[in-house]
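Commentary on secondary and tertiary structure
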Amino acid sequence: MDVFTGNMGWIEVVCGPMFSGKSEELIRRLRRARIARKRVQVFKPVIDDRYSEYEIVSHSDTRIEAEVVNNAKEILTKLDWRTEVVGIDEANFMGPELVEIAQQLADTGKKVLVAGLDTDYLGRPFPPMPDLLAVAESITKTLAICMRCGNPAKHTQRLSGSEDLIVVGAGGMYEARCRRCFEAGIPKQETFDFLSPKQRTATASA
Ligand code: ADP
Ligand code: ZN
C-alpha cells in the first residue's frame, strides 16, 4: 500500500506464478519502506537457497538481505521488537502457522509484506496462501508471460517428471504458462480427486 505513516499494522500479499515478479515487487516495496526510514526485517524459508543464503534474489537479479528461517514460528524468535516492516518471501513454503503469525504481527502494529506462489504445479491453491489472502488488507496478483504463446501466465509449469510437491533449485525445471497452455503434471492417485474436471481430462489424455 506504500503508506508508511502511522503505527497501524496490516498485511499485504503479492502472489502469482514463478517468474511473475513477486520477489521484484516485494524487494521494491521493502526498499521504499527503507526510504521512508522504517526498520525493516526480511525472512525467507530455508528451502529456497537457489542463489543466496542471506539474500532474496529475483530472477532479474535484484536483491535484498534476508534472514533464513525453518518455518513461520522462527520469524517470531528472530524478530527484533523494534522492526516496523516485516518482509516474507516464498510464503507458500513457510507452513500453516504463517497465517496466525502474520495476523499477530499486524495486530501489534507491524506492516507485513508477503510474497508467495498462489498455486502449485498442478494448479491447486498452495496453502497457506488462500487463507493469507483472505485476511490481508491488500492483494496484488502478478502474472508472468506464457513461454508457449506470450499471453499473461498465471500457472507454474513443471517441466520434469517429478511428482514431489516441492522441487526447488533445479534451473530450467519450471516455466510460466497461461491458462490455455498449462498442462497439469501427472498427479499421484491420492491427489487425483482434488483436480478440476479440466485438469482430470488433461491428465487422462497425457
Ligand atoms: P518471482 O518471484 O515471481 O518468481 P522474480 O521477481 O524472481 O519472479 O523475477 C521476475 C523476472 O523474471 C522478470 O522481471 C523477468 O526479468 C524474468 N522472467 C523470466 N521469465 C519470465 C516470464 N516467463 N515472464 C515474465 N518474466 C520473466
Ligand atoms: Zn500460453
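For the structure, see preceding data.
Let me begin by describing the structure that accompanies this report. This is a predicted model, so every value here is computed, not measured.

**Focus: the site of ligand 1**
The full set close to ligand 1 counts 15 residues, and Phe-19, Lys-22, Ser-23, Glu-24 and His-59 are the nearest of them. A distance of 3.1 Å is found between an oxygen atom of ligand 1 and a backbone nitrogen or oxygen belonging to Ser-20. Between an oxygen atom of ligand 1 and a side-chain N or O atom of Glu-24, the distance comes to 2.5 Å. Protein burial of ligand 1: of its 580 Å² of free accessible surface, 76% is covered by the chains. Of all the secondary-structure elements, those providing two or more residues to the shell around ligand 1 are helix H1 (22-35) and strand S9 (144-145). Examining the composition of the shell around ligand 1, we find that three residues originate from one element, H1, more than from any other.

**Section: the coordination of the zinc ion (ligand 2)**
Within the protein, Cys-146 (SG), Cys-149 (SG), Cys-178 (SG) and Cys-181 (SG) serve as the donor atoms for the zinc ion (ligand 2), at 2.2 to 2.4 Å. Because the angles between the four donor atoms bound to the zinc ion (ligand 2) fall within 102 to 117°, the donor set is best described as tetrahedral. Going along the chain, you hit the donors of the zinc ion (ligand 2) in the pattern C-x2-C-x28-C-x2-C. For the pair formed by Cys-178 and Cys-181, the shared burial category is buried.

**Digging into the packing of aromatic side chains**
Scanning the entire structure with this criterion turns up one aromatic pair. Geometrically, the ring pair formed by Phe-93 and Phe-126 is edge-to-face, given 5.8 Å between the ring centres and 85° between the ring planes. Here Phe-126 lies in the loop between strand S7 (111-117) and helix H4 (129-135) and Phe-93 lies in the loop between strand S6 (85-88) and helix H3 (98-107), a separation of 33 residues in the sequence. Exposure remark for Phe-93: the relative accessible area of 17% places this residue in the buried category. The lysine or arginine in question, Lys-111, covers the ring of Trp-10, its NZ or CZ lying 4.7 Å from the ring centre. Directly above the ring of Tyr-121 sits Arg-158, whose terminal nitrogen or CZ lies 3.8 Å from the centroid.

**Section: the pairing of strand S12 (residues 174-177)**
Neither face of S12 is left uncovered, since the one carrying Tyr-174 and Ala-176 and the one carrying Glu-175 and Arg-177 both have all their residues buried. Pairing of strand S11 (residues 155-158) with S12 involves four bridges; the strand directions are antiparallel. When the bridges of S12 are listed, Gln-157 appears paired with Glu-175.

**With respect to H3**
Within the sequence span of H3, burial applies to Leu-98, Val-99, Ile-101, Ala-102, Leu-105 and Ala-106. Taken down its axis, H3 places every buried residue within 165° of arc, on the same side. Turned more than 90 degrees from where H3 packs its buried face, Glu-100 and Asp-107 sit exposed. Those residues of H3 that are buried lie in contact with strand S1 (10-16), helix H2 (73-78), S6, S7 and H4. Just downstream of H3, Gly-109 is the residue with a positive phi angle, here 95°.

**Brief notes about the nonpolar core**
Counting residues in each nonpolar core, the largest one holds 23 residues, and the members touching the most others are Val-13, Ile-75, Ile-88, Met-94, Leu-98, Val-112 and Leu-132. No other element matches the six residues that H3 contributes to this core. Excluding anything up to four places from it in sequence, Met-94 contacts Phe-43, Lys-44, Pro-45, Val-69, Asn-71, Ala-72, Ile-75, Ile-88 and Asp-89. Within the second largest apolar cluster, 13 residues are counted, among which are Leu-26, Val-42, Ala-66 and Leu-113.

**Here's the deal with the sheet that holds strand S8 (residues 138-141)**
Within the open sheet, the six strands sit side by side as S5-S2-S6-S7-S1-S8. Their pairing is parallel. Lying at the two open borders of the sheet, with one neighbouring strand each, are strand S5 (67-69) and S8. Here the average twist between neighbouring strands, direction ignored, is 20°. Two strands pair when backbone bridges link them, and strand S2 (residues 40-45) and S5 are joined in this way by three bridges, in the parallel orientation. Each bridged residue has a counterpart across the sheet, and for Phe-43 the counterpart in S5 is Glu-67. Sheet contacts for H1: S1, S2, S6, S7 and S8; angle to S7, the most-contacted strand, approximately 165°.

Reading guide: rules and limits
Residues numbered from 1 in each chain as written. Chains lettered and ligands numbered in written order. Predicted model: local features only at pLDDT ≥ 70, side-chain atom pairs only at ≥ 80, totals over all residues. Heavy atoms only, no water. Near = heavy atom within 4 Å. Polar contact = N/O pair within 3.5 Å; in protein donor to acceptor, adjacent residues only side chain to side chain. Areas by Shrake-Rupley, 256 points an atom, 1.4 Å probe, with all protein chains shown as cover. Helix = DSSP H or I, 4+ residues; strand = E, 2+ residues; numbered from the N terminus. Donors = N, O, S within 2.8 Å, 3.2 Å for Na, K, Ca; no water. Tetrahedral: all angles 85-135°; square planar, octahedral: opposite > 155°, others 65-115°. Buried < 20%, exposed > 50% of the residue type's maximum accessible area, 1.4 Å probe, protein only. Phe/Tyr/Trp six-rings, centres within 6.5 Å; stacked < 30°, edge-to-face > 60°. Lys NZ or Arg CZ within 6 Å of the ring centre and 35° of its normal. Pairing = 2+ DSSP bridges. Arc of directions from axis to C-beta. Contact = heavy atoms within 4.5 Å. Core = buried A, V, L, I, M, F, W, Y, C linked by side-chain atoms within 4.5 Å. Axes fitted to C-alpha atoms, helices over the stretch in contact; angles between N-to-C directions.

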